[in-house]
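Overview (structure and organization)
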Amino acid sequence: GQSLEQPSEVTAVEGAIVQINCTYQTSGFYGLSWYQQHDGGAPTFLSYNALDGLEETGRFSSFLSRSDSYGYLLLQELQMKDSASYFCAVRTNAGKSTFGDGTTLTVKP
Amino acid sequence: KAGVTQTPRYLIKTRGQQVTLSCSPISGHRSVSWYQQTPGQGLQFLFEYFSETQRNKGNFPGRFSGRQFSNSRSEMNVSTLELGDSALYLCASSVGTDGYTFGSGTRLTVV
């Protein structure tokens, strides 16, 4: 099966940079995705890494190291609206995606 | 283009009843996945359908079932409802290896 570990909570101040880590164990690894979910809302797709390295999308970047079974989401220039839960998800060759338990990010003024 | 549509948005059922939830994916998306989310928990995978075939299945009891129609719309059914089935049920559609697009979910309350 698959398992993912990510911190349950992270707190940072507005304007700062925060990194949310995700380690995984899986067979048939295909890619790692990140999703954002605000309270009461649906998860929204942020980024996807299939190859090692850094993917940048505006203030958000995602990194993957397949050899270390590790990835992270980097959020820069934090804004209050970034307060949300962030989930990493592993996709396997069979097309199945397993989500982590999520990291609650609180951005303080 | 229209997003993923889930109906109904809210549902209250009594223990022992059954319920059917509906999901219409984004036009052109043939893969539909279902997830259960309970307060403070991650998303637990239920099943995935692709071209009317169940491609993957999570670790849920047989009371949870689903199907997909030829137009890619999907339904999931839960029979003999239990209090613990109260949750947000999310449907997501995707094409290829792109990320999932989730619907707004159906919030099911079992009393």
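As the structure is a prediction and not an experimental result, all values here were calculated from the model.

1. A look at the confidence of the model for chain A
In the predicted model, chain A carries a mean pLDDT of 94, and the fraction of residues at 70 or more is 100%. Ranking the helices and strands of chain A by mean pLDDT puts strand β8 (residues 70–75) of chain A first, with 98, and strand β10 (residues 97–99) of chain A last, with 90.

2. Concerning the state of the cysteines
All names here are of chain A. Applying the stated rule across the entire model yields two disulfides over all chains. Covalent S-S linkage joins C22 and C88, the inter-sulfur distance amounting to 2.2 Å. Classification of the bridge connecting C22 and C88 rests on its S-S torsion, roughly 75 degrees, and on that basis the disulfide is right-handed. In this pair, C22 sits in strand β3 (residues 18–25) while C88 sits in strand β9 (residues 84–92), placing the two residues 66 residues apart along the sequence.

3. Points about the side chain of A:T98
Here A:T98 lies in strand β10. Discounting residues that sit within four places of it in the chain, A:T98 has contacts with A:Q2, A:L4, A:C88, A:A89 and A:V90.

4. Re the pattern of salt bridges
Residues and elements named next belong to chain B. Under the counting rule described, the total for this entry stands at six salt bridges over all chains. Here E82 makes a salt bridge to R63, at a shortest N to O gap of 3.6 Å. Here E82, found in the loop between β8 (74–78) and β9 (87–94), pairs with R63, found in the loop between β6 (53–57) and β7 (64–68); they are 19 residues apart in sequence, far enough to count as distant. Its relative accessible area of 16% is what places R63 among the buried residues. Ionic contacts of the salt-bridge type, sharing partners, join the residues R63, E82 and D85 into one network.

5. A few points about the nonpolar core
Formed by 22 residues in total, the largest nonpolar core has its most connected members in A:L32, A:W34, A:L75, A:Y86 and A:L105. Elements represented by at least two residues in this core include exactly β2 (9–13), β3, β4 (29–37), β7 (60–65), β8, β9 and β11 (103–108) of chain A.

6. Examining the side chain of B:S72
Structurally, B:S72 is set in the loop between β7 and β8. Owing to a relative accessible area of 13%, B:S72 belongs among the buried residues under this scheme.

7. Let's talk about the packing of aromatic side chains
Residue and element names in this part refer to chain B. If you walk through the whole model with that rule in mind, you get 15 aromatic pairs over all chains. A centroid spacing of 6.2 Å and a plane angle of 55 degrees characterise the contact between Y35 and Y100, whose relative ring orientation is tilted. Of this pair, Y35 sits in strand β4 (residues 31–37) while Y100 sits in the loop between β9 and β10 (101–102), and the two are 65 residues apart along the sequence. Overall, Y35 belongs to the buried group, its relative accessible area being 0%. Using a relative accessible area of 2% as the deciding quantity, one classes Y100 as buried.

8. Here we look at the interface of chain A and chain B
Taken together, the 16 residues of chain A in the interface contact 21 residues of chain B. In total, chain A and chain B occlude about 1,500 Å² of area from one another, counting both sides; carbon and sulfur atoms represent 52% of this. Summed over the three residues of chain A that lose the most area to chain B, namely A:R91, A:K96 and A:F99, the buried surface amounts to 31% of that side. Between the two partners, chain A and chain B, sit zero salt bridges. The set of elements that each furnish at least two residues to the side of chain A that touches chain B consists of β4, β5 (44–49), β9 and β10 of chain A. For the side of chain A that touches chain B, the element with the highest residue contribution is β4(A), accounting for three residues.

Thresholds, definitions, all that
Residue numbers run consecutively from 1 along every chain, following the written order of its sequence. Numbering of ligands from 1 and lettering of chains from A proceed in the order in which they are written. Restriction of local features to residues with pLDDT of at least 70 applies here, the model being predicted, together with a cutoff of 80 or more for giving and counting side-chain atom pairs; totals for whole chains, interfaces and linings are based on all residues. Water and hydrogen atoms play no part in the side-chain values, which are based on all heavy atoms of the structure. A score between 0 and 100, pLDDT records how confident the predictor is in each residue. Helix and strand assignments come from DSSP, with helices taken as H or I runs of at least 4 residues and strands as E runs of at least 2, each series counted from the N terminus. In plain terms, two cysteine sulfur atoms within 2.5 Å form what is called a disulfide here. Contact criterion: two residues are considered in contact whenever any of their non-hydrogen atoms come within 4.5 Å of each other. The term salt bridge refers to a side-chain nitrogen of Lys or Arg lying within 4 Å of a carboxyl oxygen of Asp or Glu. Each residue's exposure class comes from its accessible area (1.4 Å probe, protein chains only) as a fraction of the maximum for that residue type: buried when under 20%, exposed when over 50%, partly exposed otherwise. Nonpolar cores are built from buried Ala, Val, Leu, Ile, Met, Phe, Trp, Tyr and Cys residues. Side-chain atoms within 4.5 Å join them into one set. Classification of ring pairs uses Phe, Tyr and Trp, with its six-membered ring standing for Trp, and accepts pairs whose centres are within 6.5 Å; under 30 degrees between planes counts as stacked, over 60 as edge-to-face, and the remaining range as tilted. We define buried area as the total accessible area lost by two parts upon association, computed with a 1.4 Å probe and summed across both.

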